Number of protein chains: 2
Amino acid sequence: MAITVVGSVAFDTVETPAGRKERCLAGAATYFSLSASFFTDVRVIAVVGEDFGHAEQAVFDAHKIDTAGIQHAPGKTFFWQGSYLENLNEAKTLQTDLNVFAGFEPTIPSSYNDSQFLFLANIDPVLQRRVREAMPHAKLIGGDTMNYWIKDHKLALLEVLKGLDVLLINDTETRMLTGARSIALAAGKIFELGPKILVVKHGEYGATAFFAPQKPEGSEGIAHRAFHVPALPLEEVVDPTGAGDSFAGGFFGYLASQKELTPKSFRYAMFYGSVMGSFVVERFGTERLQQLTRKEIDHRFQLFRELTHLD
Amino acid sequence: MAITVVGSVAFDTVETPAGRKERCLAGAATYFSLSASFFTDVRVIAVVGEDFGHAEQAVFDAHKIDTAGIQHAPGKTFFWQGSYLENLNEAKTLQTDLNVFAGFEPTIPSSYNDSQFLFLANIDPVLQRRVREAMPHAKLIGGDTMNYWIKDHKLALLEVLKGLDVLLINDTETRMLTGARSIALAAGKIFELGPKILVVKHGEYGATAFFAPQKPEGSEGIAHRAFHVPALPLEEVVDPTGAGDSFAGGFFGYLASQKELTPKSFRYAMFYGSVMGSFVVERFGTERLQQLTRKEIDHRFQLFRELTHLD
């Protein structure tokens, strides 16, 4: 089944211990849609400027991603420049030019209306909510956010959370949003806000999903069913940008490809999320995702199984 | 088969967000031996002072731990005071009184000589080496160390590493010891120093083992076979002290209980390590280990399986 994603399409200039790359095709919606495209049909809602040309469009086309919802506006595409020289786990932002993104008003093509899956990537919660309300038929809705919205736009964000099934955020955001001392306690607080599943992304340490609301007997301090997937211990991370969005793309792309959603589907989705995250960081920007094959994905899935399974 | 451990027995005063506890029975050798005692026979080499009395001895006796190698010296037992109020992942040391530990000269009872497993907990590498050389019959030797020895006693430490099969250290120590940018690259460097297995402890994110020297085909940037186990996402960590030593106790205790050591044994050992680490942090000091039952261990092992396994 098709999944619609709303978020940023951007050009990134990134420096990391592995080198520097100018104006990579990037942005949360780009990472997400390329990643999800290996599993299901993907539809994008975004805005780009006049510097988004045939070469960039060709990347989406090659992965059969529906770009009817990408608006072309006068001006330049969203640009971000960051450095991971001091810390591979956290980018230092050197420049942010919102450009056409500053006036982004998502419009949803009528051809997207039957999307049963929806992912609200990290953008202004007011826009996230507008897209969510415009797509009432979606049966599974996921969302991301960031420290800025949690800190300064919490009321708008809380409105978005009410409509989410799955929230994917990192450790810092989890603690910031809930004030809880542990992610297990945070999960309980998140469930009261709307989401039924919390996926906490740990960067190089993988991700943990918490599922509401069962409290199985004898769970001994784990209030909710949890499932963990590690990240792949790579020798070199070339560029960590987009790992979380690629994880989300693998996670939701896999779910959208399933006939029904069972607890097992969500466990597999966690694995495919981490598989996709492990690829994207091997090259700058979306380069690795652009060249990826389904065979490589299946092979790496097996590596994750060997990395985690006893027998 | 029996395992011998050399390390510290101590009294700890600890403050954490969960509270404060005075003079807990602690020390690496205590955590290790209590943890390992659930799996196999354990023999301890350590030194204690006059304040180590019947109550403390009774804790070892209750777990059938052989304390013939614990020397009783005039003076006080090693004392450490630390705070986790600012950071649950790293203790701030408030006071260290080496006391009788300052003059520690390990002596090995002849009854320990047939120990086939040996664990050198974090002490002066000169002493680690002396114990290792005095026990040439050990077939599997594990060791731990810390930033202080890596920074200021590296030559002595390198001599110890030559005689180790398994090195268990944390992320920071791994990077400090090798200068490598990733733990996967660090593993290759560690293997050149002696150990055949590197277990990197990630605190709240579990642990990853790297196994030398195979480079399986198609491993795509993972130079060595790896295996990951998460930590249990507990609602509250009362006192993180001793988690690494309890992990080591579960890991080596389980291995020592096996008839033969296969790749599968090491995967199970990783799980039992994390199981034991998950218990110890639920109470101050060694309190939780003192009260633990084998049934609880088996039950939690299943929780770890559910936390990580797809099917």
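What counts and what doesn't
Residue positions within a chain follow its written sequence, with the count starting from 1. Chain A is the first chain written and ligand 1 is the first ligand written, with later ones labelled in order. Local features in this predicted model are restricted to residues of pLDDT 70 or higher, and side-chain atom pairs are both shown and tallied only at a pLDDT of 80 or more, whereas totals for entire chains, interfaces and linings draw on every residue. Think of the side-chain values as coming from all heavy atoms in the structure, minus any hydrogens and water. Only DSSP runs of H or I reaching four residues or more are called helices, and only runs of E reaching two or more are called strands; each is numbered from the N terminus. Categorising residues by exposure relies on relative accessible area from a 1.4 Å probe, with only protein chains included: less than 20% of the type maximum marks a residue as buried, more than 50% marks it as exposed, and the intermediate range marks it as partly exposed. Whether two residues are in contact is decided by their heavy atoms: any pair within 4.5 Å suffices. Summed over both partners, the accessible area lost on bringing two parts together, with a 1.4 Å probe, is the buried area. Salt bridge, as used here, is a side-chain nitrogen of Lys or Arg placed within 4 Å of a carboxyl oxygen of Asp or Glu. Two rings from Phe, Tyr or Trp (for Trp, the six-membered ring) form a pair when their centres are within 6.5 Å of each other. A pair whose planes differ by under 30 degrees is stacked, one over 60 is edge-to-face, and the rest are tilted. The predictor attaches a confidence to each residue, and that confidence, scored 0 to 100, is pLDDT. Strands qualify as paired when DSSP identifies two bridges or more between them. Look down the strands so they point away from you; if going from the first strand over the helix to the second traces a clockwise path, that crossover is right-handed. Angular values range over 0 to 180 degrees, each being the angle between N-to-C directions of two axes fitted as lines to C-alpha atoms, with helices fitted over their stretch in contact. For classification purposes, an angle smaller than 35 degrees is called roughly parallel, one larger than 145 roughly antiparallel, one from 65 to 115 roughly perpendicular, and anything else oblique. By convention, the crossing between two helices is left-handed when the near helix turns anticlockwise from the far helix through less than a right angle, and right-handed when the turn is clockwise. Residue polarity is assigned by list, with Asp, Glu, Lys and Arg as charged and Ala, Val, Leu, Ile, Met, Phe, Trp, Tyr, Cys and Pro as nonpolar; anything else, Gly included, falls into the polar class.

Colleague: Would you explain the side chain of Gln128(A) in this entry?
Modeller: All names here are of chain A. For Gln128, the position within the fold is in helix H3 (residues 125-134). When its relative accessible area of 1% is taken as the criterion, Gln128 is described as buried. Look past the residues within four positions of Gln128 in its chain and what remains in contact with it is Leu120, Ala121, Asn122, Ile123, Asp144, Leu157 and Val160.

Colleague: What's the story with the interface of chain A and chain B in this structure? I'm lost.
Modeller: When the parts come together, some accessible area is lost, and that loss is often what is quoted as the size of the interface. Of the residues lining the interface, 45 residues belong to chain A; the matching set on chain B comes to 45 residues. Here chain A meets chain B over a buried area of about 3900 Å², counting both sides, of which 54% is carbon and sulfur. Connecting chain A to chain B are eight salt bridges. Measuring nitrogen to oxygen at the nearest pair gives 3.7 Å for the salt bridge that ties Arg305(A) to Asp311(B).

Colleague: I'm lost on the packing of aromatic side chains in this one. Help?
Modeller: To describe a pair of aromatic rings, you give the distance between the ring centres and the angle between the ring planes. Residues and elements named next belong to chain B. Enumeration according to the criterion identifies 39 aromatic pairs over all chains in this entry. Between Phe101 and Phe104, the ring centres sit 5.3 Å apart and the planes meet at 25°, which makes this aromatic pair stacked. Each member of the pair Phe101 and Phe104 is classed as buried. Measuring from ring centre to ring centre gives 5.7 Å for Tyr268 and Phe301, while their planes differ by 15°; the resulting arrangement is stacked.

Colleague: I keep staring at the confidence of the model for chain A and nothing clicks. Help me out?
Modeller: Note that predicted coordinates carrying low pLDDT should not be read in detail. All names here are of chain A. In the predicted model, chain A carries a mean pLDDT of 95, and 96% of its residues have values of at least 70. Note on residues 218-223: pLDDT is under 50 here. Beyond four places in sequence and across chains, it has 17 contacts. Overall fold confidence (pTM) sits at 0.95, and the ipTM for the predicted complex is 0.93.

Colleague: Any chance you could explain the pairing of strand S8 (residues 117-120) of chain A here in plain terms?
Modeller: Within a regular strand, the side chains alternate between the two sheet faces. Residues and elements named next belong to chain A. Going residue by residue along S8, you find Phe117 and Phe119 tucked away on one face and Leu118 and Leu120 tucked away on the opposite face as well. Pairing of strand S1 (residues 3-6) with S8 involves four bridges; the strand directions are parallel. By the bridge assignment for S8, Ile3 is matched with Phe117. Where S8 lies against strand S9 (residues 140-143), four bridges are found, and the strand directions are parallel. Among the inter-strand pairings, Phe117 is bridged to a residue of S9, identified as Leu140. After leaving S8, the chain enters H3 and then returns to the sheet as S9, a path that is right-handed.

Colleague: Looking at this structure, how should I read the packing of helix H1 (residues 28-36) of chain B against helix H8 (residues 243-256) of chain B?
Modeller: Relative orientation and spacing of two packed helices are given, respectively, by the angle between their axes and the distance between those axes. Residues and elements named next belong to chain B. The geometry of H1 relative to H8 is characterised by a closest axis approach of 7 Å and an angle of 40° between their N-to-C directions. In this view, H1 runs oblique relative to H8, as classed from their interaxial angle. Considering only the axes of H1 and H8, their crossing is right-handed. Two secondary-structure elements touch here, H1 through Ala28, Tyr31, Phe32, Ser35 and Ala36 and H8 through Asp245, Ser246, Ala248, Gly249, Gly250, Phe252 and Gly253. Of the residues in the contact of H1 with H8, the class split is six nonpolar, five polar and one charged.

Colleague: Looking at this model, I keep getting lost on the pattern of salt bridges. Mind explaining?
Modeller: Where charged atoms from two side chains of opposite charge approach closely, those side chains can pair. Residue and element names in this part refer to chain A. The final tally for this structure, using the stated rule, is 42 salt bridges over all chains. As a salt-bridge pair, Glu282 and Arg288 come within 2.8 Å of each other at their nearest N and O atoms. Of the two residues examined, Glu282 and Arg288, each falls in the buried class. Shared partners join several salt bridges into a network, and the residues in it are Arg129, Glu133, Glu159 and Lys162.

Colleague: What is the right way to look at the sheet that holds strand S7 (residues 92-97) of chain B in this model?
Modeller: Working definition: the strands of a sheet are paired by backbone hydrogen bonds and lie parallel or antiparallel to each other. Residue and element names in this part refer to chain B. Taken in spatial order, the four strands line up as S3-S2-S6-S7 in an open sheet, and their pairing is mixed. Every interior strand has two partners, whereas the edge strands, strand S3 (19-26) and S7, have only one. The sheet shows a mean angle of 15° between the axes of neighbouring strands, direction not considered. When strand S2 (residues 10-16) meets S3, the two strands line up antiparallel, connected through six bridges. Bridge pairing in S3 places Ala10 opposite Ala26.

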